[in-house]
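Residues per chain, in single letters:
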Amino acid sequence: SPPEHSFVCQIGPSKIRTHKSLCRGMVDILKFQGCNVDLEKHIPRLYKTRDGEVKEAILDVAFFTPVETFQHVIDITVRCPYVHKTKSKMSLTSIIPGAAAAIGQNDKKTRHGASVIPLPFETFGRLGSRSQNHLRAISQWITNYRQPRGRDMYAQIRLKLERILLFNFSDFVMLSLGGSM
């Protein structure tokens, strides 16, 4: 298969491994800051019923900070700027930086509503502007009672998540070129 297949393919191990790694990275960050964290949590308040069938909502990360009683819920997704379901959106995502992340943000908001924090990453590390604001809010919530504060925590979280994303990307490029891990 061509080398670019590993980062444009919307199914299979490259997408799943990257997504799972980002989720585990976020869990590690939140636990280190003293939060109570669940990975792949059922959220009954987001269940939807259609034609007598219940569609469960299993979201990536759910957490409580030590000083809050509200459960924050995060849904992480990885979007490739070169792949989209419709041709008109694809032309936008491959030309406009951050468009794939913005579409991912809108998809998650439509699916789950405003009570979920969507964090769509583009394959090559870009995080949409609204997602950057969500990440800043998360860093504020978890640092209201600890050090480092605000901007420092935001930078640490973003650095860790982008590092995870790019290392996964480089692993799959290496594998697609015939290397081994």
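The rules we used
- Residues numbered from 1 in each chain as written.
- Predicted model: local features only at pLDDT ≥ 70, side-chain atom pairs only at ≥ 80, totals over all residues.
- Heavy atoms only, no water.
- Buried < 20%, exposed > 50% of the residue type's maximum accessible area, 1.4 Å probe, protein only.
- Helix = DSSP H or I, 4+ residues; strand = E, 2+ residues; numbered from the N terminus.
- Pairing = 2+ DSSP bridges.
- Patch = residues over 30% accessible without salt bridge, like charges linked within 9 Å, V, L, I, M, F, W, Y side chains within 5 Å.
- Areas by Shrake-Rupley, 256 points an atom, 1.4 Å probe, with all protein chains shown as cover.
- Salt bridge = Lys/Arg side-chain N within 4 Å of Asp/Glu carboxyl O.
- Lys, Arg positive; Asp, Glu negative; His and termini not counted.
- Charge placed at Lys NZ, Arg CZ, Asp CG, Glu CD.
- Axes fitted to C-alpha atoms, helices over the stretch in contact; angles between N-to-C directions.
- Contact = heavy atoms within 4.5 Å.
- Core = buried A, V, L, I, M, F, W, Y, C linked by side-chain atoms within 4.5 Å.
- Polar contact = N/O pair within 3.5 Å; in protein donor to acceptor, adjacent residues only side chain to side chain.

## What to know about the pairing of strand β4 (residues 58–64)
Counting buried positions over the 7 residues of β4 gives 5, a clear majority of the element. As judged from the 6 bridges shared by strand β1 (residues 36–42) and β4, these two strands associate in the antiparallel manner. Bridge pairing in β4 places histidine 42 opposite isoleucine 58. Relative to strand β5 (residues 72–79), β4 is paired through 3 bridges, and the arrangement is antiparallel. Counted as the bridge partner of valine 61 is isoleucine 74 from β5.

## Focus on a positive patch on the surface
Together, Lys48, Arg50, Lys55 and Arg111 make up a positively charged patch on the protein surface. Among the structural elements, lysine 48 can be located in strand β2 (residues 48–50). By relative accessible area, which is 42% here, lysine 48 ends up partly exposed.

## Digging into the sheet that holds β4
The 4 strands lie next to each other as β1-β4-β5-β6, forming an open sheet whose pairing is mixed. Because the sheet does not close on itself, it has two edges, and the strands there are β1 and β6 (116–122). Strand after strand, the sheet turns through a mean of 30° between neighbouring axes, direction not considered. Contacting β4, β5 and β6, helix α4 (residues 99–112) crosses the sheet at an angle of about 155° to β6. Lying on the sheet, helix α5 (residues 129–143) is in contact with β4, β5 and β6; it crosses β6 at an angle near 125°.

## Observations concerning the nonpolar core
What tends to happen in soluble globular proteins is that the nonpolar side chains get buried as a cluster. Ranked by size, the top nonpolar core spans 26 residues in total, and within it Met26, Leu30, Ile74, Leu135 and Leu161 carry the most contacts. Those residues in contact with leucine 30 that lie beyond four places of it in its chain are Cys35, Val37, Val61, Phe63, Ile74, Ile138 and Ile142. Residues Leu46, Ala57, Ala62 and Val116 belong to the second largest nonpolar core, which totals 7 residues.

## What to know about the side chain of histidine 19
Mapped onto the fold, histidine 19 is located in helix α2 (residues 13–32). In this structure histidine 19 comes out as buried when scored by relative accessible area, which is 18%. Of the polar contacts made by the side chain of histidine 19, one reaches the side chain of aspartate 60; its length is 3.1 Å. At 2.9 Å, the side chain of histidine 19 and the backbone oxygen of isoleucine 76 are in polar contact. Not counting chain neighbours up to four residues away, the residues in contact with histidine 19 comprise Asp60, Ile76, Thr77 and Val78.

## Focus on the side chain of aspartate 75
On the secondary structure map, aspartate 75 appears in strand β5. Apart from the residues within four sequence positions on either side, aspartate 75 is in contact with Leu59, Asp60, Lys108, His112, Val116, Ile117, Pro118 and Leu119.

## Observations regarding unusual backbone geometry
You will see that glutamate 40, though not glycine, has its phi angle at about 50°, which is positive. Here glutamate 40 lies in strand β1. Classification of glutamate 40 by relative accessible area gives partly exposed; the value is 40%.

## Digging into the pattern of salt bridges
For the structure shown, the criterion picks out 5 salt bridges. Notably, a salt bridge pairs glutamate 40 with lysine 20, separated by 2.1 Å at the nearest N-O pair. Taken together, the residues glutamate 40 in strand β1 and lysine 20 in helix α2 connect sequence positions 20 residues apart. A salt bridge links aspartate 107 to arginine 79, with the nearest nitrogen and oxygen atoms 3.0 Å apart. Pair noted here: aspartate 107 is in helix α4 and arginine 79 is in strand β5, with a separation of 28 residues, a long-range link.

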